[in-house]
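Fold and contact review
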Amino acid sequence: MGGLEDSGPPLKRVKESSGEAKISFRNSICFESPASSLGVPMPRSLHSQGDGAMTGTTGVMRKQEFVKIITRALYSLGYNRTGALLEEESGVPLHTPMVSRFMKEVQEGRWDESVVTLHEIGVSKDDVKSASFVILEQKFLELLQKGRASDALNTLRNEITPLGINVNEVHKLAARVVFHSSSAPSTNGAVPVSSRADVLEKLEKVLPPAVIVPEKRLEHLVKLALDVQRDSCVFHNTFDSEFSLYADHQCGRNKIPSQTHQILQAHSDEVWFLEFSHNGRYLASTSKDHSAIIWEVKEDGEVFVKHKLVGHQKPVSIVSWSPDDSQFLTCGQEEVIRCWSLHSGECLQVYEKPGLGLISCGWLPDGRGVLSGVTDKSIILWDVDGRELECWKGQRTIKISDMAVTSDGKRIISICRDNAILLLDRQAKMERLLEEDQVITSFSLSRDNRFLLVNLINQEIHLWSIEGDLKVVSKYKGHKRSRFIIRSCFGGSDQAFIASGSEDSQVYIWHRSTGEHLVALPGHSGAVNCVSWNPANPHMLASASDDRSVRIWGIGSVGFKSSIANTSSNGCSNGNSNGFIRRSFGRR
């Protein structure tokens, strides 16, 4: 029923033998001397294999590279004897004798000798310069640490500066000499110096991988393979801990929360909005019955009423959780904003503007400020005690409005016109407009602040990239919307899915990247107004409906439970930074 239109555009030290010692690198790699720890000669190159010998089922891997990467992985894992055995049996040494000598010189702090050896290894002039800078910088710092400022200065002037690279770093090193000379004697030795293992790690990054095989290269290749499998898995919705190297990864449709696990019936009228807390342990729902309910999610997935909160004189349109989930905001429909304690359910603060109504709410990421949209189309910033701190006047919002604040607190996002969303940069004092051809009814901000999910009056959902140039990267269709505000959300593992309510009483789910419509979930008997995916549990989804219920969706064929709450009202509500006002919707 739905689809996507792409209109444009994720030294563990080797035990020393009685002969020469081995030198290890970054606590994991060992560099052989002429005699190995096993008392056998160093690996000899097998000429029969040849440097170009290939291996693998399709013959795309060079055998020597493959063996070296495995050897490197063995040393990284601490299997030093096994790594040495592989070098011996394969005849493929991890490093050439020249490179091993170079590393030993670096490890022992023989800087001048290591620079000479570096020139003999056979790398490009640029690589020699970059590696020489790393070596000589360490030489400079160690001299300075030993109190030999004059020798350090000579190294800087006569060895480092002539390289002609990293000018800014050279200036910083010069400043260290000045600082060291002007410091009290007791602080002269306090010069930050990297360990020699760290120096070897830096050299690994500037020298070609054929010279020094990168640490954890095998792990990196395996991770890339897993990433490819994850990205190609349409129904991928599992934790990374469930991956196995024994078989190719492929999730089935059963990993999408599509089974009703609970029906929550504690509201006495239409349920307009709901949102999980950041930690996924609580769910807030709001209703036309003027109340909000906080539901607690137990470890076994069961959901129970924690607080039923009253105090608003009008339907409660939205909620917004504080950054630490200890408090939350509720916004009455063009009324006031109330701040509540999650622990006690008590109302802690009321935010109001005499003669005007508040229509949306959100938190600053430090939890010290509250934002609200106002019926006069302005946006107000309050402190937690209800004092107005700042006001952005003009066409900043409209009466049917969502609001979001990026996690760095820099940008406020709000619907400012029927077909436009305002991106207000508080720090740079800049504004950008995201403009659609159709009327915008709601939006949702992705967890990484890079995307907006925009619902339109024409029964389409557009995914906008808001980094750099504003552009639509995906479109989703299939759900029904004719009269009311229908809300959508990101969700699942890495927010790889899009879920939406619909006026045909179903929940719709699409694959975010491909736009493929995956499933429509029947069950409600009225329009589904809002959906929320548990951020801590990719297998839990909640939906709110005009049928006065909240449904909890999960995986697995378990019998669902119906919860009809008889709770006393103690006045409290919950919040979400992306608010909406539920009412018949038409072009204004």
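Structure shown above.
Residues numbered from 1 in each chain as written. Predicted model: local features only at pLDDT ≥ 70, side-chain atom pairs only at ≥ 80, totals over all residues. Heavy atoms only, no water.

This part is about the overall build of the protein chain. The number of helices and strands found in the protein chain is 9 helices and 33 strands. Evaluated residue by residue, the protein chain yields a buried proportion of 52% over its 588 residues. Only carbon and sulfur atoms are counted for the fraction: they give 50% of the accessible area of the protein chain, which is about 26,400 Å². (Helix = DSSP H or I, 4+ residues; strand = E, 2+ residues; numbered from the N terminus. Buried < 20%, exposed > 50% of the residue type's maximum accessible area, 1.4 Å probe, protein only. Areas by Shrake-Rupley, 256 points an atom, 1.4 Å probe, with all protein chains shown as cover.)

Okay, helix α4 (residues 111–121) next. Those residues of α4 that fall on the buried side of the exposure criterion are W111, S114, V115, T117, L118 and I121. Buried residues in α4, looked at end-on, bunch into an arc of 165°, giving them a common side. At its buried positions, α4 is contacted by α3 (97–107), α5 (125–145) and α8 (196–206). Looking one or two residues beyond α4, the residue adopting positive phi is G122, at roughly 100°. (Arc of directions from axis to C-beta. Contact = heavy atoms within 4.5 Å.)

Okay, the pattern of salt bridges next. Evaluated as defined, the whole model comprises 23 salt bridges. The salt bridge involving R387 is made with D385; its shortest N-O contact spans 3.4 Å. Given a relative accessible area of 47%, D385 falls into the partly exposed group. Each of K223, D227, R230 and D240 takes part in salt bridges that share partners, so that together they form one network. (Salt bridge = Lys/Arg side-chain N within 4 Å of Asp/Glu carboxyl O.)

Let us look at the side chain of H267. Along the chain, H267 falls in the loop between β5 (259–265) and β6 (271–276). Its relative accessible area of 7% is what places H267 among the buried residues. At 2.8 Å, the side chain of H267 and the side chain of S285 are in polar contact. Engagement of the side chain of H267 in a polar contact is seen with the side chain of S291, the distance being 3.3 Å. Residues contacting H267, with those up to four places away along its chain left out, are S285, T286, S287, D289, S291, A292, I293 and R548. (Polar contact = N/O pair within 3.5 Å; in protein donor to acceptor, adjacent residues only side chain to side chain.)

Mapped onto the secondary structure, G409 falls in the loop between β18 (403–405) and β19 (411–417). Distance from G409 to D366, taken between C-alpha atoms, is 8.1 Å for residues 43 residues apart in sequence. Setting aside anything within four residues of it in sequence, one finds G409 in contact with P365 and R426.

Turning our eyes to something else, we now look at the sheet that holds strand β29 (residues 517–521). Strand order in the open sheet made by the 4 strands is β26-β27-β28-β29, with antiparallel pairing throughout. Of all strands in the sheet, those bounded by a partner on one side alone are β26 (488–491) and β29. Sheet twist, expressed as the mean angle between neighbouring strand axes with direction ignored, is 20°. Bridge count for β26 against strand β27 (residues 497–500) is 4 bridges, and the pairing is antiparallel. Counted as the bridge partner of F490 is I498 from β27. (Pairing = 2+ DSSP bridges. Axes fitted to C-alpha atoms, helices over the stretch in contact; angles between N-to-C directions.)

Inspection of every chain in the model, using the stated rule, returns 0 disulfides. Looking at the unpaired C489, the closest cysteine sulfur is the one in C530, lying at 7.4 Å. (Disulfide = S-S within 2.5 Å.)

Moving on, we get to the packing of aromatic side chains. One pass over the structure, following the stated rule, counts 6 aromatic pairs. Their ring planes at 25° and their centres at 6.1 Å tell us that Y508 and W510 sit as a pair that is stacked. When sorted by exposure, Y508 lands in the same class as W510, which is buried. (Phe/Tyr/Trp six-rings, centres within 6.5 Å; stacked < 30°, edge-to-face > 60°.)

Our next topic: helix α9 (residues 217–232). Look at α9: 23 Å from first C-alpha to last across 16 residues, which is about the 22 Å you get at 1.5 Å a residue. Of the positions making up α9, those classed as buried are L226, D227, Q229 and R230. Burial along α9 is one-sided: seen end-on, the buried residues are contained in an arc of 165°. (Expected span 1.5 Å × (residues − 1).)

In a beta sheet, neighbouring strands are held together by backbone hydrogen bonds and run either parallel or antiparallel to one another. Across the sheet, which stays open at both edges, the 4 strands sit in the order β6-β7-β8-β9 with antiparallel pairing between neighbours. Two strands lie at the open edges of the sheet, namely β6 and β9 (303–309), each paired on one side alone. Strand-to-strand twist of the sheet, defined as the mean angle between neighbouring strand axes without regard to direction, takes the value 20°. As judged from the 5 bridges shared by β6 and strand β7 (residues 282–287), these two strands associate in the antiparallel manner. Within β7, the residue paired with F273 across the bridge is T286.

Non-glycine residue E334 carries a positive phi angle of around 50°. For E334, the location among the structural elements is in the loop between β11 (327–332) and β12 (337–341). One non-glycine residue, K429, lies in positive phi territory at about 55°. Relative to the elements of secondary structure, K429 occurs in the loop between β20 (420–425) and β21 (430–435).

Let's shift gears to the nonpolar core. The biggest cluster of nonpolar side chains holds 39 residues, and the ones touching the most others in it are L283, I294, L329, Y351, V550 and I552. In this structure, V99, F102, M103 and L163 belong to the second largest nonpolar core, which totals 33 residues. (Core = buried A, V, L, I, M, F, W, Y, C linked by side-chain atoms within 4.5 Å.)

Bringing the pairing of β29 into the picture now. Extensive coverage of β29 is indicated by the burial of 4 of its 5 residues. Examined bridge by bridge, strand β28 (residues 507–511) and β29 share 4 bridges and lie antiparallel to one another. Each residue of the ladder has a partner; that of Y508, found in β29, is A520. Taking the residues that link successive antiparallel strands as the turn, the β28-β29 hairpin has 5 residues, and the phi of G515 there is positive, at about 80°.

The next point concerns the environment of N419. As for its placement among the helices and strands, N419 is situated in the loop between β19 and β20. For the pair N419 and V439, spaced 20 residues apart in sequence, the C-alpha to C-alpha distance is 4.6 Å. Setting aside residues no more than four positions away along its own chain, N419 makes contact with L434, E435, E436, Q438 and I440.

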